[in-house]
Structure formats: structure tokens, C-alpha cells
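In case you want the letters, here they are:
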Amino acid sequence: MVHSSSKTIFLCNNCGNEFSKWHGQCPACNEWGTLSEFSPPKSRRKSHGQPARETQLLNTLLEKKDRQRILSNIKEVDRVLGGGFLLGSMILLGGQPGIGKSTLALQIIAGLGQDVLYVSAEESEQQLALRAERLGVKSERFHVSGENEILNILEQVSVVQPKFVVIDSIQTVYNEDLDSLPGSVSQLRDCGQQLLKACKQKGFTVIVIGHVTKEGIIAGPKMLEHMVDTVLYLEGDDRYDHRILRSAKNRFGATNEVGIFHMTSSGLEEVSNPSELFLAERTTNAAGTAIFPSMEGTRPILVEVQALVSKANFGIPQRNVNGIDSRRLSMLLAVLEKRLGQVMGLNDVFVNLVGGLKIQDPAADLSIISAVASSNRDNIVSENTVLIGEVGLTGEVRSVSRIDQRLQEAAALGFTHAVIPKGNMKNSKKPKGLNIHGVGTVQEAFKYLF
Ligand code: TYD
Ligand code: MG
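Visitor: Account for the domain arrangement of the protein chain, naming residues and giving values.
Guide: Once the domains are mapped, the protein chain shows domain 1 (1-38), domain 2 (68-272) and domain 3 (277-449). Spacing between the C-alpha centres of domain 2 and domain 3 amounts to 37 Å. At the boundary of domain 2 with domain 3, the tally comes to two salt bridges. Residue Arg-246 is joined to Glu-296 by a salt bridge in which the shortest nitrogen-to-oxygen separation is 3.5 Å. Connecting domain 2 to domain 3 are three residue pairs in polar contact (both at pLDDT 80 or more). When residues of the side of domain 2 that touches domain 3 are traced back to their parent elements, those giving at least two are helix H2 (75-81), strand S12 (242-250) and strand S13 (258-264). A per-class count over the side of domain 2 that touches domain 3 returns five nonpolar, five polar and six charged.

Visitor: Give a detailed account of helix H4 (residues 125-135), specifying residues and quantitative values.
Guide: Residues of H4 that are buried include every one of Leu-128, Arg-131, Ala-132 and Leu-135, and no others. One face of H4 carries all of its buried residues, which in axial projection span an arc of 100 degrees. Facing away from the buried side of H4, by more than 90 degrees, are the exposed residues Gln-126, Leu-130, Glu-133 and Arg-134. Where H4 is buried, its residues contact helix H3 (101-112), strand S7 (116-120), strand S8 (142-145) and strand S14 (267-270).

Visitor: Outline the sheet that holds strand S3 (residues 35-38), supporting the account with residue identities and numerical values.
Guide: As summarised here, the arrangement of the three strands in space is S2-S1-S3, forming an open sheet in which the pairing is antiparallel. The open sheet terminates on both sides in strands that have one partner only, identified here as strand S2 (18-19) and S3. Pairing of strand S1 (residues 9-12) with S2 involves two bridges; the strand directions are antiparallel. By the bridge assignment for S2, Phe-10 is matched with Phe-19.

Visitor: Please provide a residue-by-residue account of the side chain of Thr-230, values included.
Guide: Topologically, Thr-230 is positioned in strand S11 (residues 230-236). Exposure remark for Thr-230: the relative accessible area of 2% places this residue in the buried category. One polar contact links Thr-230 to Asn-250, side chain to side chain, over a distance of 3.2 Å. Non-local contacts of Thr-230, meaning those with residues more than four positions away in its chain, are made with Leu-81, Met-90, Ile-91, Leu-92, Lys-249, Asn-250, Arg-251 and Phe-252.

Visitor: Break down the pattern of salt bridges for me, with residues and values.
Guide: The full count for this structure, using the stated rule, is 16 salt bridges. Taking the shortest distance from any N to any O, the salt bridge between Asp-229 and Arg-251 comes out at 2.8 Å. Of this pair, Asp-229 sits in the loop between helix H7 (223-227) and S11 while Arg-251 sits in the loop between S12 and S13, placing them 22 residues apart in sequence. Residue classification places Asp-229 among the buried positions, given a relative accessible area of 3%.

Visitor: Hey, could you go over the site of ligand 1 for me, with residue numbers and the actual values?
Guide: Inspection of the region around ligand 1 gives 13 residues, with Gly-98, Lys-101, Ser-102, Thr-103 and Thr-264 positioned closest. Contact distances for ligand 1 include 2.7 Å between an oxygen atom and a backbone N or O atom of Gly-98. The backbone of Leu-268 places a nitrogen or oxygen atom 3.4 Å from an oxygen atom of ligand 1. Out of a free accessible area of 540 Å², ligand 1 has 75% covered by protein chains. A total of three residues in the shell around ligand 1 trace back to one element, the largest contributor, which is H3. In terms of residue class, the shell around ligand 1 is built from four nonpolar, seven polar and two charged.

Visitor: Account for unusual backbone geometry, with residues named and values stated.
Guide: Of note, the bond from Asp-168 into Ser-169 is cis; its omega dihedral lies within 30 degrees of zero at 0 degrees. Secondary-structure assignment places Ser-169 in the loop between strand S9 (164-168) and helix H6 (185-202). One non-glycine residue, Asn-73, lies in positive phi territory at about 65 degrees. Following the sequence through the fold, Asn-73 ends up in the loop between strand S4 (69-70) and H2.

Visitor: Summarise the state of the cysteines; cite the residues concerned and give the values.
Guide: Summed over the entire model, instances satisfying the criterion amount to zero disulfides. The thiol of Cys-29 is not disulfide-bonded; the next cysteine sulfur, from Cys-26, is found 3.7 Å away. Among the residues examined, Cys-29 registers a relative accessible area of 24% and is labelled partly exposed. Its sulfur unpaired, Cys-191 is 14 Å from the next cysteine sulfur, which belongs to Cys-199.

Visitor: Give a detailed account of helix H10 (residues 365-377), specifying residues and quantitative values.
Guide: Between the first and last C-alpha of H10 there are 18 Å, a value that for 13 residues agrees with the 18 Å anticipated at 1.5 Å per step. Within H10, eleven of the 13 residues are buried, which leaves it mostly tucked inside the rest of the structure. Among the residues of H10, Asp-365, Leu-366, Ser-367, Ile-368, Ile-369, Ser-370, Ala-371, Val-372, Ala-373, Ser-374 and Ser-375 are the ones counted as buried. Positive backbone phi, approximately 60 degrees, marks Asp-378, located one or two places after H10.

Visitor: Residues and numbers for the packing of H10 against helix H12 (residues 442-449), please.
Guide: At a minimum axis distance of 11 Å, the contact between H10 and H12 shows a crossing angle of 55 degrees. Judged by the inter-axis angle, H10 sits oblique to H12. Here the hand of the crossing between H10 and H12 comes out right-handed. Contact residues: Leu-366, Ile-369, Ser-370, Ala-373 and Arg-377 in H10; Val-442, Ala-445, Phe-446 and Leu-449 in H12. Class assignment for the residues of the contact of H10 with H12 results in seven nonpolar, one polar and one charged.

Procedures and definitions
Residues numbered from 1 in each chain as written. Chains lettered and ligands numbered in written order. Predicted model: local features only at pLDDT ≥ 70, side-chain atom pairs only at ≥ 80, totals over all residues. Heavy atoms only, no water. Domains from an automatic or database assignment. Salt bridge = Lys/Arg side-chain N within 4 Å of Asp/Glu carboxyl O. Polar contact = N/O pair within 3.5 Å; in protein donor to acceptor, adjacent residues only side chain to side chain. Helix = DSSP H or I, 4+ residues; strand = E, 2+ residues; numbered from the N terminus. Nonpolar A, V, L, I, M, F, W, Y, C, P; charged D, E, K, R; others polar. Buried < 20%, exposed > 50% of the residue type's maximum accessible area, 1.4 Å probe, protein only. Arc of directions from axis to C-beta. Contact = heavy atoms within 4.5 Å. Pairing = 2+ DSSP bridges. Near = heavy atom within 4 Å. Areas by Shrake-Rupley, 256 points an atom, 1.4 Å probe, with all protein chains shown as cover. Disulfide = S-S within 2.5 Å. Expected span 1.5 Å × (residues − 1). Axes fitted to C-alpha atoms, helices over the stretch in contact; angles between N-to-C directions. Parallel < 35°, antiparallel > 145°, perpendicular 65-115°, else oblique. Left-handed = near helix turned anticlockwise from the far one by under 90°.

Spelled out as C-alpha cells, the structure:
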């Protein structure tokens, strides 16, 4: 459906009623702040509308099923995508301003070897050319456009007939027929829909760059994420010069796969051994650190969990986390207090995943709780040990997925001891050089560690 009427109405997200004017409080259901702008779709007139697309037989579709994947020749990108780009797909590349989205998009294009149209709606064509030169991007099949209006962009697409289109960024593209400003909900929705329709019909792949807000969501409605086939986020931290590419949604591959890059003056470089990167500045022989073999998508990455427990001097004790869920930490602190008698109530607790990774894997529990206990008791966790296990409310250590890959990575990086859940002992292979110790509870783990 194409929304291109110029008349704007307001929809209440709560009761669904329509209004011609904006109200702070919905006149129908009396909720506050639920009205948002909406452009109604054109009426679907049978006589003048577009003819319906032809139906197709499943068998003929299956014959075409190995629509070729096109590789960008940047291994980290291709893996995150699930094996390269599929023609006719729409990809959203999100990230904070300045994180490196335009740089990455340009580098991807350079490796494709296809006709490409780069719509630089944010920077001038000259700026883009200079950047391309700096990155060493040279291609005779690389078309650049400084256009901002969506219908003009689609016209250019018809002329150039590219296999790939980059929109940099969706927040600066607009449809003239709508009254609202570029970047507004109705503009994003309309431009997104137009691009989606064009890419499915003409079979080109479109990479849409979108800025995210401080809270980490694509500026604009979630619906942009629902619309596209793949959502990639480029993340990173000002303190580090590496960047992490993560797939948050992928209709053609697994999610939560990550690609890791190192920033250089000539662009992003792939990091083929991320564990080494994350452990590079590791402190050894210090209390409050533990190593966790994390699974990021299909790849194991060793990360250092750091914790600091100190007496709170005034007010409510602080709980400060970086890279893990703060509620998970609260739960682990409660287990420490109730099951292991380590009282945390009067202490500040800081937990940090070194290197700016974010982990949601519950298998990190044992390493987090051990790092906190290590700092609290001033006891060191041996530097050659990795810790794996989900911690339950009674202090039990539960088994986790993909234990073999985690252990292999630990062994490959020279770790000699691993503490893992008892439940994983039966079915895990023992990599050479790694002593494996199975534990059923956190108490058992601490007895072994400290
Ligand atoms: P840019 O790609 O413009 O970020 P975004 O499109 O997300 O806003 O990158 C921001 C700046 O960082 C730009 O001046 C180029 C520089 N940069 C490097 O020098 N090396 C790199 O590897 C990357 C990713 C960026
Ligand atoms: Mg940019």
C-alpha cells in the first residue's frame, strides 16, 4: 500500500479513533499523549488502480529458490547477513550518528562489483566522493545522487537500474506530497513503503541507513523495523576504536550474529579473532575479574567481566552496569546475599563488560556472580580459568547451550581450567589442555575458585 495522500489525520494509539486535529488528550478515550499523525492511504479504485500482480506456481518459485546471494567480500558483514546479500531485500542499517554507518556502507559497496546507486541525502556528492577516495573505493559502476525526494530517487533508480541502492539516511528523505517534515513518522512510513515496493518489484537490494536515538532505537517508529527484511545495528563506544555489527532481525539468516571491526583512518578493518581483542588489555592477578566464553550468534568470543564492590558512603547504594541487564545483576546479588551470606545491601556494586560488548546470555551468570564475590572478598579468580553457567534462584548452576564451542575457544586461547554446569558434563567433549570442573551450585563453584 502506498500512503501518498496529502491530507493528514491523527490516530489515537489507544482507542483507534481518528481526529482531524491533534489533541494532547484523546477526546474519545481521555488518554494523554496517544495521538500520532497518520496519512490515510489512497482509496483503492479498481478501475484506475494498478493491476494486481500475477500469481505464481510454487514449483516455479522453488526452481528459482537459490536466488544468488551476493557477497560483499567483507567476511564479517556477509556472516552477519547469513551468507551475503539477497537480491530484492531491504536492509536497515542503524546506529548512532558518527558511529561509522556511511563508512561501512561505502566499503560494502566497494566489494560488491555491482551497479550501485548511493543516495547521499545527508552529505553533498563532493563530500561523498572525497570520502570514497579516502577509503580507496573505486568503481565505474558506482552512481552517486544528492537527491532527497523519494519519487525523484525512484525515478533515478529507473534510469540507472542498479542492483544495489543505499539511502543515506532515511531521516533526510521525504515525499513532497506529504505536509510533514523529513524524519517524521508519516514521512518515514511513506518513504519506507515506497522503497520496499520498488525493491520487491524491481529486484534490487536497498540498504537504508537510519539514525538511532540515545536509547538505541531507530529514530522514528518501530514500523520501519517491521517493514524491512533485515535490521543491522552498528554499535560501539567512544572509548574504544572497535565497532560491532549486530543483526537484530533477519528473515534470511540467524539473528544475534555479530561482526567485529577495528576503526582505522582508512576505514573499518575486520577483526578475525575477537577474543584476542577483548582480552588484550586484561588485568591478571586482580580481584574482581572473571572470563566468560560468550556465544555471539554462531561464534564464541571470550570476554572479561569486571566487578567492583565498595562501601557506599552515603544514600542508596549504587548498582551500575555496563553491557549486562541490571535486573539480572539484582537477581544475582540477591542470590549472593541469601544463599551465600555475602551481604551487599550497604555496598555499591559496579559491573562492566570490557570492550563494550552487550550480553544477554544467561550463561554469563556464573562469571558475573564470581567476579562480584571475588571483589567483595578480595579473592582472585585464577587467570587461567573460564566460568560458564546460568544461576537459578536457589543458587543452582544450570546447564547452558553450545558448551563445546565455548570450551574450544577457551582452550584455543590458552586457558587451562573451566568451571561449567554439572548438567553439561555428560555431553561435553573435552578439548586438549583444558581441565573441566562441573558444579551443581554456586557454593560448589566458590569452593573450587576461592
Ligand atoms: P561516518 O561513517 O560518517 O558515521 P555515520 O555515517 O554513522 O554518521 O563516520 C564518522 C567519522 O568517523 C567520519 O569522519 C569518518 C571517521 N571514521 C574513520 O576515520 N575510520 C573508520 O573506520 C570509521 C568507521 C569512521
Ligand atoms: Mg553518515
